[in-house]
Amino acid sequence: MRVTLKLKRFNPEVDEKQHWEEYQIDVEPNDQLLDALNKVKWFHDGTLTYRRSCAHGVCGSDAMVINGRNRLACKVLMKDLGNKVTVEPIRGLPVVKDMVVDMEPFFAKFRAMKPFLINNTPAPDGRERHQTVEDRERFDDTTKCILCACCTTSCPSFWANGEYIGPASIVQIHRFIFDTRDEATKERLEIANDAMGVWRCRTVFNCVEACPREINITKAIGEVKKAILEG
Amino acid sequence: MNYHKFDAVIVGAGGAGLMAALYASKNANVAVVSKLYPTRSHTGAAQGGIGAALANLEEDHWEWHAFDTVKGGDYLVDQDAADIMCKDAVDIVLELEHMGLPFDRTPEGKISQRPFGGHTNNITKQPVRRAAHAADRTGHMILQTLYQQCIKNDVQFFDEFQFMDLLISEGRVAGMVAYHINTGELHVFHAKAVFFATGGWGRLWNITSNAHSLTGDAPAVLLKKGLPLEDMEFFQFHPTGIYKMGILITEGVRGEGGVLINGKGERFMLKYAPTIKDLASRDVISRAIYLEIAEGRGVNGQDYVYLDVRPDVVNQYFDEDGKKNPDGTPRRITAADIDKKLPDIADFCRTYLGVDPIKDPMPIQPTAHYAMGGIPTDADARMLLDEKNTVLPGGYAAGEVACVSVHGANRLGTNSLVDLVVFGKRGGIAMAEYCNSVELPPLPENALAEVQGMVARLLANTEGIPAAKLRKAMQEVMMMNVGVFRTEALLTEALERIRELKKQFPNVYVADKGKRFNTDLLEAWELGNMLDLAEVTTLAALNRTESRGGHARDDYQQRDDENWLKHSFIWQDGDNFRFAYKPVTIGRYQPQKRVY
């Protein structure tokens, strides 16, 4: 099938601002959008720039705004996009070049969440810490996060205030406070309860729509809010 | 000049690199340099599990794991290294759990384990539950957990820096050169040691489970510097890649009971591996699939077969095989179990194939998956300069890029994850000790000259061939001629073709001449690396006139222990190549015929 890709381009070495460029290419219906972008880059315009790695939706490199929605370019097929497809960089992070944004502000927030197990009780000698199947299930959904930033950069509260920790960070808080092995619930909930924390979530559900891992993020945020209220 | 001074630099931020960083940084000043953000590394794509004889669900012993590893590797495994790996695996999986890794749990709350290809009870020869797992995203959990620990321990990262050259002076490592992708600037990292943890090079083939980033940059650079590579003829084709796309479908599907079915509806592995059937080792199954297809039993006459995990089909075969739960009741699987235990696989099939694995079988074909060979190292991840185990002071490598050799001629499923955490850790410890025992060597003169010249050459052409065109030609010839089955004729043709492509490489046109995030330039550079590795892979495959593990020669169908129970080392010197051989370390297990 013949498609038109309308791509938002920006190269700070030559452009003053972002602009649209269009490319007509032939694709297979089952091609990923990433395949289509590769086709443009490899055979039409080598300057087109985007991140990609695993090409099957698990590394989180290629988050973009595709036909207005945050998606991974490798996890959406051309047949589901119609024959005119617009692609822009994710919003709310500085654009480096074309679809590449500066991810450092996003990762800085992630790091500030203390995203690691905190447990100062010595582990049983030579054995694992035990956890029931039900307790493990409690935080299963939020362990799926691949830090692609689709959720945070789809969130109107984040667009309005870049200081908001954003849904991806709250997913990390959820992952640890509901892990029975973690002993830092109190300090995690303090981070979540900050002025730039969970209360900025207005349950718009964009994050749930955007998550390529199908994490029920709004539910997770709700559970963190509830945990704060219950102390 | 952008100059950094560290005790040690780790190149690559997957499982091996992060594990090395955690341990080396306890006693040395360490930087981790990666062409990707760490969490994008391909360790995160590993699915089914990490093998360790925890014996949480049934009797198991690390020695059984070691034997399975040796047999799986068709006796080319160095058995002292396999012993270290399988013994250390138990403690290191527990260590990962202590770090916070969310393993699935048994009803008693212990780490859950599932069967995997080639992992057996050594007495009954039946599959054993050894693969510790977190759904079908075990690698994702390992990568996330190790990155979390690196954040906790303030490990210093240089994200999106492309390694381009290893610096050597006075006969030892003196640092490395990296290209900062965001700015196009070259950076010199002056260091006593460099640790390569850069993963594999599956992108040499056109059907692959590997990420776009897996282009073998480090081994190609080392080869150009006159350092050897080991066992390059051994590359694993995983039997179950999604048809035409190569995306991995974990062996865990078969661990949960999935079966392989040909176009005539037959469970063909009964013929090829009557005891262990669909859980034979990967090389055996990939060859079986090729033979079924070659004999006209692909599905609809096409070049694929089915992987079937539909509950009624699986339960039927559980009954036929007499499979029982630990409590003696007949083993059963439900649709809900599949969604619970294999959620990502179900998602991949629904997304990319429009197939629901609960209702339909999955079309699969073998996919280029894993390099058994690579940078030769000892069991402390120290790089070797020759077949006599001479060490390059300050050089380290672990994970897929390295060849210890714990995988021999064919790697067992789950052992890639075991390898990278075990040898990442051992190497990290050894490297910190080394750094504390030596002074920083001087930088070589003109440390940047080589890379500067290379970048300038790549950018110079104002017209020419797109790198993608040469890359596609290379990937196709590697798939057709240097794949699951090989012959002298196929390999000779491949070598000629690859050398033609190498001749055309200087004509590659890089359209992007800028400094900002120039992935056009990097893709061209990576192609040069892949062409070099394609050439040595083909040469090594031509050289080994026997069939062993993942290297199947149709013109030499038998394993030849008399002449070939040895590792091959290959060196490049200009246009010439040289081989040498290193004996396999045999321990408790004498080579025997390999039957599953």
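Small disclaimer: the values here were computed from a predicted structure and weren't measured.

Asker: Break down the overall build of chain A for me, citing the residues and quoting the values.
Answerer: Looking only at helices and strands, chain A has eight helices and seven strands in total. Overall, chain A is about 60 × 35 × 30 Å in size when its C-alpha atoms are taken along their principal axes. Residue burial in chain A is summarised as follows: out of 231 residues, 59% are buried. Total accessible area computed for chain A in this model is approximately 9,400 Å², and 49% of it derives from carbon and sulfur atoms.

Asker: Describe the overall build of chain B, with residues and values.
Answerer: Scanning chain B from N- to C-terminus turns up 17 helices and 22 strands. The C-alpha radius of gyration of chain B comes to 23 Å, within 12% of the 25 Å expected for a compact globule of 596 residues. In terms of its C-alpha atoms, chain B occupies a principal-axis envelope of roughly 70 × 50 × 50 Å. Here chain B holds 596 residues, and 69% of them are scored as buried. Sequence separation of at least 24 residues holds for 74% of the intrachain contacts in chain B that already meet a minimum separation of 6. Accessible area for chain B stands at about 19,100 Å²; split by element, carbon and sulfur atoms hold 48% of it. For chain B, the distance from the average position of its 64 positive side-chain charges to the average position of its 77 negative side-chain charges is 2 Å.

Asker: Account for the sheet that holds strand E3 (residues 63–66) of chain A, naming residues and giving values.
Answerer: All names here are of chain A. Taken together, the five strands give an open sheet; going across it, the order is E2-E1-E5-E3-E4, and neighbouring strands pair in mixed fashion. Of all strands in the sheet, those with a lone pairing partner are strand E2 (19–26) and strand E4 (69–72), marking the two edges. Each strand of the sheet is rotated relative to its neighbour by a mean of 35 degrees, with strand direction disregarded. Sheet analysis places strand E1 (residues 2–9) next to strand E5 (residues 84–88), joined by four bridges and oriented parallel. Counted as the bridge partner of Thr 4 is Lys 84 from E5.

Asker: Describe the pattern of salt bridges, listing the residues and the values that go with them.
Answerer: Residue and element names in this part refer to chain A. Overall, the coordinates contain 75 salt bridges over all chains when judged by the stated rule. A salt bridge links Lys 226 to Glu 230; the nearest nitrogen and oxygen atoms lie 3.5 Å apart. Side by side, Lys 226 and Glu 230 carry an identical accessibility label, which is exposed.

Asker: Which residues make up the interface of chain B and chain A, and what are the values?
Answerer: The partner chain A presents 64 residues to the 61 residues of chain B that form the contact. At the surface where chain B touches chain A, the tally comes to nine salt bridges. The shortest N-O distance in the salt bridge between Glu523(B) and Arg52(A) comes to 3.5 Å. Along the contact surface separating chain B from chain A lie 38 residue pairs in polar contact (both at pLDDT 80 or more). For the side of chain B that touches chain A, the secondary structure elements donating two or more residues are helix H3 (79–99), helix H4 (138–152), helix H11 (343–353), helix H14 (467–481) and helix H16 (519–543) of chain B. Per-element tally for the side of chain B that touches chain A: the top contributor is H4(B), with eight residues. Looking at the side of chain B that touches chain A, its residues break down into 23 nonpolar, 19 polar and 19 charged.

Asker: Explain the sheet that holds strand E21 (residues 566–573) of chain B to me, using residue names and the numbers behind them.
Answerer: All names here are of chain B. Strand order in the open sheet formed by three strands is E10-E21-E22, with antiparallel pairing between adjacent strands. Pairing within the sheet leaves two strands with one partner each, and these edge strands are strand E10 (229–230) and strand E22 (576–583). When E21 meets E22, the two strands line up antiparallel, connected through eight bridges. Residue pairing for E22: Asp 573 is matched across the bridge by Asn 576.

Asker: Outline the packing of aromatic side chains, supporting the account with residue identities and numerical values.
Answerer: Residues and elements named next belong to chain B. Applying the stated rule across the entire model yields 23 aromatic pairs over all chains. Taken together, a centroid distance of 6.4 Å and an interplanar angle of 25 degrees make the contact between Phe 6 and Phe 189 stacked. One end of the pair, Phe 6, is in strand E1 (residues 2–11); the other, Phe 189, is in strand E9 (residues 185–196), and 183 residues separate them in sequence. According to the relative accessible area criterion, Phe 189 is buried, its value standing at 0%. Summarising the aromatic geometry, the rings of Phe 158 and Phe 189 are spaced 4.9 Å apart at their centres and angled 85 degrees between planes, so their arrangement reads as edge-to-face.

Asker: So what's going on with H16(B)? Which residues, and what values?
Answerer: Over its 25 residues, H16(B) extends 36 Å from the first C-alpha to the last, a length consistent with the 36 Å expected when each residue adds 1.5 Å. The buried fraction of H16(B) amounts to 23 of the 25 residues, a majority that puts the element mostly inside the structure.

Asker: I'd like a description of the confidence of the model for chain B, backed by residues and values.
Answerer: The predicted model of chain B averages 97 in pLDDT, with 100% of residues at 70 or higher. Both scores are available for the predicted complex, with the pTM at 0.97 and the ipTM at 0.98.

Asker: How would you summarise the side chain of Asn70(A) if you had to cite specific residues and measurements?
Answerer: Residues and elements named next belong to chain A. Inspection of the secondary structure assignment puts Asn 70 in strand E4. Its relative accessible area of 5% is what places Asn 70 among the buried residues. Polar side-chain contacts of Asn 70 include one of 2.8 Å to the backbone oxygen of Cys 150. Setting aside residues no more than four positions away along its own chain, Asn 70 makes contact with Met 64, Val 65, Ile 90, Ala 149, Cys 150, Thr 153, Ser 154 and Ala 210.

Thresholds, definitions, all that
- Residues numbered from 1 in each chain as written.
- Chains lettered and ligands numbered in written order.
- Predicted model: local features only at pLDDT ≥ 70, side-chain atom pairs only at ≥ 80, totals over all residues.
- Heavy atoms only, no water.
- Helix = DSSP H or I, 4+ residues; strand = E, 2+ residues; numbered from the N terminus.
- Buried < 20%, exposed > 50% of the residue type's maximum accessible area, 1.4 Å probe, protein only.
- Areas by Shrake-Rupley, 256 points an atom, 1.4 Å probe, with all protein chains shown as cover.
- Rg over C-alpha atoms; globule rule 2.2 N^0.38 Å.
- Contact = heavy atoms within 4.5 Å.
- Lys, Arg positive; Asp, Glu negative; His and termini not counted.
- Charge placed at Lys NZ, Arg CZ, Asp CG, Glu CD.
- Pairing = 2+ DSSP bridges.
- Axes fitted to C-alpha atoms, helices over the stretch in contact; angles between N-to-C directions.
- Salt bridge = Lys/Arg side-chain N within 4 Å of Asp/Glu carboxyl O.
- Polar contact = N/O pair within 3.5 Å; in protein donor to acceptor, adjacent residues only side chain to side chain.
- Nonpolar A, V, L, I, M, F, W, Y, C, P; charged D, E, K, R; others polar.
- Phe/Tyr/Trp six-rings, centres within 6.5 Å; stacked < 30°, edge-to-face > 60°.
- Expected span 1.5 Å × (residues − 1).
- pLDDT = per-residue confidence, 0-100.

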